[in-house]
Structure formats: structure tokens, C-alpha cells
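Each chain is listed here by its residues.
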Amino acid sequence: MQCTAYAHLNGEKLKDLQAMEKEFGTILVAYEPVPQVAHLSESELLEIKEEEEKIGKILVAYEKT
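Residues numbered from 1 in each chain as written. Predicted model: local features only at pLDDT ≥ 70, side-chain atom pairs only at ≥ 80, totals over all residues. Heavy atoms only, no water.

Q: Please provide a residue-by-residue account of a negative patch on the surface, values included.
A: Together, Glu 44, Glu 47, Glu 50 and Glu 53 line one region of the surface with negative charge. For Glu 44, a relative accessible area of 35% puts it in the partly exposed group. (Patch = residues over 30% accessible without salt bridge, like charges linked within 9 Å, V, L, I, M, F, W, Y side chains within 5 Å. Areas by Shrake-Rupley, 256 points an atom, 1.4 Å probe, with all protein chains shown as cover. Salt bridge = Lys/Arg side-chain N within 4 Å of Asp/Glu carboxyl O. Lys, Arg positive; Asp, Glu negative; His and termini not counted. Charge placed at Lys NZ, Arg CZ, Asp CG, Glu CD. Buried < 20%, exposed > 50% of the residue type's maximum accessible area, 1.4 Å probe, protein only.)

Q: Any chance you could break down a nonpolar patch on the surface for me, citing the residues and the numbers?
A: Where nonpolar side chains cluster on the molecular surface, the patch consists of Tyr 6, Ile 27 and Val 29 and spans about 380 Å² of accessible area. On the secondary structure map, Ile 27 appears in the loop between α1 (11-24) and β2 (31-32). For Ile 27, a relative accessible area of 74% corresponds to the exposed category. (Helix = DSSP H or I, 4+ residues; strand = E, 2+ residues; numbered from the N terminus.)

Q: Hey, could you go over α1 for me, with residue numbers and the actual values?
A: Every α-helix carries 3.6 residues per turn, so stepping three or four residues along brings you back to the same face. For α1, with 14 residues, the first-to-last C-alpha span of 20 Å sits near the 20 Å given by 1.5 Å per residue. In the segment just after α1, Gly 25 is the residue with positive phi, at about 70°. (Expected span 1.5 Å × (residues − 1).)

Q: Tell me about the pattern of salt bridges, and name the residues and values.
A: This model, assessed by the stated rule, comprises 1 salt bridge. Salt-bridge contacts for Lys 54 lead to Glu 51; the nearest nitrogen and oxygen are separated by 3.3 Å. Taken together, the residues span about one helical turn, with Lys 54 and Glu 51 both in helix α2 (residues 42-55) at a distance of 3 residues. On the basis of relative accessible area, Glu 51 is assigned to the partly exposed category, the value being 31%.

Set out below in C-alpha cells:
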């Protein structure tokens, strides 16, 4: 699934997520539609982690549709 847009949030939904970010000390990203996270093998996960270290970025793998 390709996520082509961030979710449009406003009002209480946005305030709730901002409160969660503050509480957890994280950044939350909401997408439309909700992507399915890929099911990867241990070796595939290791490759991704190695690539993350090389490029200094976080990678997220989603299932193709």
C-alpha cells in the first residue's frame, strides 16, 4: 500500500495526538489510508537496520498492494 497523504486531523483528535507525543516523547505520524506493516524475516530486518545505520535515517517497510 502506498500512503500518498498524511491524515487530516483537527480539533480534539489533533489535541489528543499532540498530548500523546508530549507524554511519550515521540513524534507520531498519521497516514490516510492506514498502511499494512511488512512482515519481514530476521535477515531482512538485519539488512534494514544496517542500511539505517549507514544512512542515518529510519526506514519503515510496508506491504505492497
